[in-house]
Amino acid sequence: MSDRLPGFSTLAVHAGAQPDPTTGARATPIYQTTSFVFNDADHAASLFGLQAFGNIYTRIGNPTNAVLEERVAALEGGTAALAVASGHAAQVVVLQQLLQPGDEFIAARKLYGGSINQFTHAFKSFGWNVVWADPDDIASFERAVTPRTKAIFIESIANPAGSITDIEAISTVARKAGVPLIVDNTLASPYLIRPIDHGADIVVHSLTKFLGGHGNSLGGIIVDAGTFDWSTGGKYPMLSEPRPEYHGIRLQETFGNFAFAIACRVLGLRDLGPALSPFNAFMILTGIETLPLRMQRHCDNAKAVAEFLAGHPAVASVSYAGLPSDKYNQLARKYAPKGAGAVFTFSLKGGYDAGVNLVSKLQLFSHLANVGDTRSLVIHPASTTHSQLDDAAKVKSGAGPDVVRLSVGIEDKEDLIADLEQALGA
Ligand SMILES: *Cc1c(COP(=O)(O)O)cnc(C)c1O
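What you see is a predicted model, and the numbers here were worked out from it, not measured in a lab. (Residues numbered from 1 in each chain as written. Predicted model: local features only at pLDDT ≥ 70, side-chain atom pairs only at ≥ 80, totals over all residues. Heavy atoms only, no water.)

Remarks on the site of the ligand
Where we set the bar: Near, as used in this document, describes a residue that has one of its heavy atoms within 4 Å of the molecule or strand being considered. A 3.5 Å cut-off defines polar contacts: any pair of N or O atoms within that distance qualifies, except that in protein one atom must be a possible hydrogen donor and the other a possible acceptor, and neighbouring residues in sequence count only when both atoms are side-chain atoms. Residue burial considers only the protein chains on display, and all accessible areas are found by Shrake-Rupley using a 1.4 Å probe. Starting at the N terminus, helices and strands are each numbered in turn, a helix being any DSSP run of H or I of at least four residues and a strand any DSSP run of E of at least two. Note on residue classes: Ala, Val, Leu, Ile, Met, Phe, Trp, Tyr, Cys and Pro are nonpolar, Asp, Glu, Lys and Arg are charged, and everything else, Gly too, is polar.
The local shell around the ligand holds 13 residues, among which Gly87, Asp184, Ser206, Thr208 and Lys209 are the closest. Within the backbone of histidine 88, an N or O atom sits 2.9 Å from an oxygen atom of the ligand. Protein chains bury 92% of the 380 Å² of accessible surface belonging to the ligand in isolation. With three residues, helix α4 (residues 87-98) is the single largest residue contributor to the shell around the ligand. Split by residue class, the shell around the ligand holds one nonpolar, nine polar and three charged.

Right, here's the structure in full:
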């Protein structure tokens, strides 16, 4: 073996996996079992007391899921990871370790619509209060900090317009406030952006999107950067104080730079229960093997489609950070030099009716509410996901009546452009 560190594409295929020690199976087997036999009574007791690592029950951990966890931790440059049932489950489990009832967290206003709903409504019933800030105005994050602030949450490439967030600037605010920065890296994937390299303390993903990549399996993951000191000032009692569930151990003291991932598993996943099925872990692992190839193709196709749209007479404007004229192009060059992702919006001169008409005429683009599939996807937010908002609120959230959102797939770009051309022209 050479002492060269493996590159990203090699990690995407190999990290965390080895031939199955009992059967020699080369692909990672699906360990479709709920539970695991203990060696003896002492072994069982040490597993339950967190004195030894091992498998107990698939709600807490599973060997197929463990390969997925190691692989994504390696790709993101973190110390450890925890796979869960969905991206939304990852967000609940992360915040449950950080917030007590009455606490606050600051979130960027530009987010996946489901996250806006989860933060605004569901989390309120837990007593967790979201305070919104504008990712284009870093000072708005500083102004939002209070003594009850426990975390800052942003997306690296943000929904719906594919805007690029200045992760380093916001990580400076988080450090000054003494709170961790959580980055939802779903739209970028670690192939385009590794938030930990820019100061993120925790990375979350919806594995459902580009990492799984084929629109066939839900999943989520939490990556611990190992960078945050949880012991200061009693601010994070789940990590710093003795845990009655585990004979009084303190997680930070016992597990050091992967204590957060352990807390998410043994306090969050164990007790809240959103476990990932080993079958889905297998599907997502298979997807990750081709992540670098797919992601580059997604980006190259998205750029070609954005350029075509920018030159079309029916199109009023295109928001794609990969275009040199775009407001976010400088940030894209810094944070995502390989490509600005594949999700972006454009607006039509013909307004609402033109948006509805375009969506109904497209043939290759599927009209649905998802992103990060091999297939190209389209949605007209004003008539679907954002139809409940009034006109002013639609415009504010980037979903005005004239706006169409694309998730560009990995088909031949000429076919995608021809489909858009016939739908726009007719
Ligand atoms: C889809 C998505 C989520 C939620 O993930 P699920 O797997 O659907 O629960 C969160 N953040 C972003 C950016 C997403 O695209």
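So, next bit.
What to know about the environment of proline 160
This is how the line gets drawn: Any pair of residues with heavy atoms lying within 4.5 Å of one another is described as a contacting pair.
Tracing the chain through its elements places proline 160 in the loop between β5 (157-158) and β6 (163-164). The sequence separation of proline 160 and serine 319 amounts to 159 residues, and the corresponding C-alpha distance is 9.6 Å. For proline 160, the contacting residues outside a window of four places in its chain are Val343, Phe344, Thr345, Ser397, Gly398 and Arg405.

Brief notes about the sheet that holds strand β12 (residues 366-367)
Under the convention used in this document: Strand pairing follows a simple DSSP-based rule, namely that at least 2 bridges must link the two strands. A fitted line through C-alpha atoms represents every axis, and for helices the fit uses only the stretch in contact; the resulting angles, taken between N-to-C directions, go from 0 to 180 degrees.
An order of β10-β11-β14-β13-β12 is seen for the five strands of this open sheet, with the pairing classed as mixed. Unpaired on one side and paired on the other, β10 (315-319) and β12 mark the two borders of the sheet. For strand β13 (residues 377-379) and strand β14 (residues 403-407), the ladder comprises three bridges, and the chain directions are antiparallel. From the neighbouring strand, valine 378 faces β14, where its bridge partner is leucine 406. Its contacts with the sheet put helix α13 (residues 291-310) on β10, β11 (343-348) and β14, and the angle it makes with β11 is roughly 10 degrees.

Re the domain arrangement of the protein chain
Let me state the cut-off plainly: Source of the domain bounds: an automatic or database domain assignment. Once two parts are put together, the accessible area they lose, assessed with a 1.4 Å probe and summed over both, is termed the buried area.
The domains assigned to the protein chain are domain 1 (31-287) and domain 2 (291-425). Put simply, the middle of domain 1 and the middle of domain 2, counted by C-alpha atoms, are 29 Å apart. With 30 residues of domain 1 at the interface, the matching set in domain 2 holds 34 residues. Summed over both sides, the interface between domain 1 and domain 2 buries roughly 2700 Å², with carbon and sulfur atoms accounting for 61% of that surface.

As for the confidence of the model for the protein chain
To keep it simple, the criterion reads: Confidence scores per residue from the predictor, reported as pLDDT, run from 0 to 100.
Across the protein chain, the average pLDDT comes to 95, with 100% of residues at 70 or higher. When pLDDT is averaged over each helix and strand of the protein chain, the minimum, 76, is found for helix α16 (residues 391-396) and the maximum, 99, for strand β9 (residues 220-224).

A look at the side chain of threonine 64
Inspection of the secondary structure puts threonine 64 in helix α3 (residues 63-76). Look past the residues within four positions of threonine 64 in its chain and what remains in contact with it is Thr28, Pro29, Ile30, Tyr31, Pro278, Ala281, Phe282 and Leu285.

Details of unusual backbone geometry
Generally, phi is negative for residues other than glycine and the peptide bonds are trans, each holding for most cases. What counts here: Working definition: with a 1.4 Å probe on protein chains only, accessible area under 20% of the residue-type maximum means buried, over 50% means exposed, and in between means partly exposed.
Each neighbour pair has its own omega, and for asparagine 159 with proline 160 the value is -10 degrees, a cis peptide bond. Its identity as a non-glycine residue notwithstanding, leucine 50 has a phi of 65 degrees, on the positive side. With respect to the element layout, leucine 50 can be found in the loop between α2 (41-48) and α3. Residue classification places leucine 50 among the buried residues on the basis of a relative accessible area of 18%. Even without glycine at this site, serine 189 takes up a positive phi of about 65 degrees.

Things to note about the pairing of strand β2 (residues 104-108)
Every regular strand shows the same layout, with side chains that alternate between the two sheet faces. With five of its five residues buried, β2 lies for the most part within the structure. Going residue by residue along β2, you find Glu104, Ile106 and Ala108 tucked away on one face and Phe105 and Ala107 tucked away on the opposite face as well. Both β2 and strand β3 (residues 129-133) contribute to a ladder of five bridges, which runs parallel. Its bridge partner lying in β3, glutamate 104 is registered against asparagine 129.

Overview of the pairing of β14
With five of five residues buried, β14 is to be regarded as a mostly interior element. The two faces of β14 match: Val403, Arg405 and Ser407 on one face and Val404 and Leu406 on the other face are all buried.

Details of the packing of α13 against helix α17 (residues 413-425)
To keep things clear, this is the line we draw: Each angle receives one of four descriptions, namely roughly parallel if under 35 degrees, roughly antiparallel if over 145, roughly perpendicular if within 65 to 115, and oblique otherwise. Take the far helix as your reference; a near helix turned counterclockwise from it by less than a right angle gives a left-handed crossing, and one turned clockwise gives a right-handed crossing.
Two numbers describe how α13 lies on α17: the axes approach to 10 Å, and their chain directions differ by 30 degrees. Considered as vectors, α13 and α17 are oriented roughly parallel to each other. In this structure, α13 meets α17 at a crossing whose hand is right-handed. Contacts between α13 and α17 involve Asn301, Ala304, Val305, Phe308 and Leu309 from the former and Lys413, Leu416, Ile417, Leu420, Glu421 and Leu424 from the latter.

Observations regarding the pattern of salt bridges
The cut-off we apply is this: Take a side-chain nitrogen of Lys or Arg and a carboxyl oxygen of Asp or Glu: if they are within 4 Å of each other, that pair is a salt bridge.
Scanning the entire structure with this criterion turns up 16 salt bridges. In this structure, the salt-bridge partner of lysine 303 is glutamate 307, at a minimum N-O distance of 3.4 Å. Linking lysine 303 with glutamate 307, this pair stays in helix α13, spanning four residues, or about one helical turn. Ionic pairing is found between aspartate 373 and arginine 375, a salt bridge with its closest N-O pair at 3.1 Å. Residue classification places aspartate 373 among the buried positions, given a relative accessible area of 6%. Look at arginine 375 and you get partly exposed, because its relative accessible area is 41%. One salt-bridge network, in which partners are shared between bridges, spans Asp103, Arg148 and Lys150.

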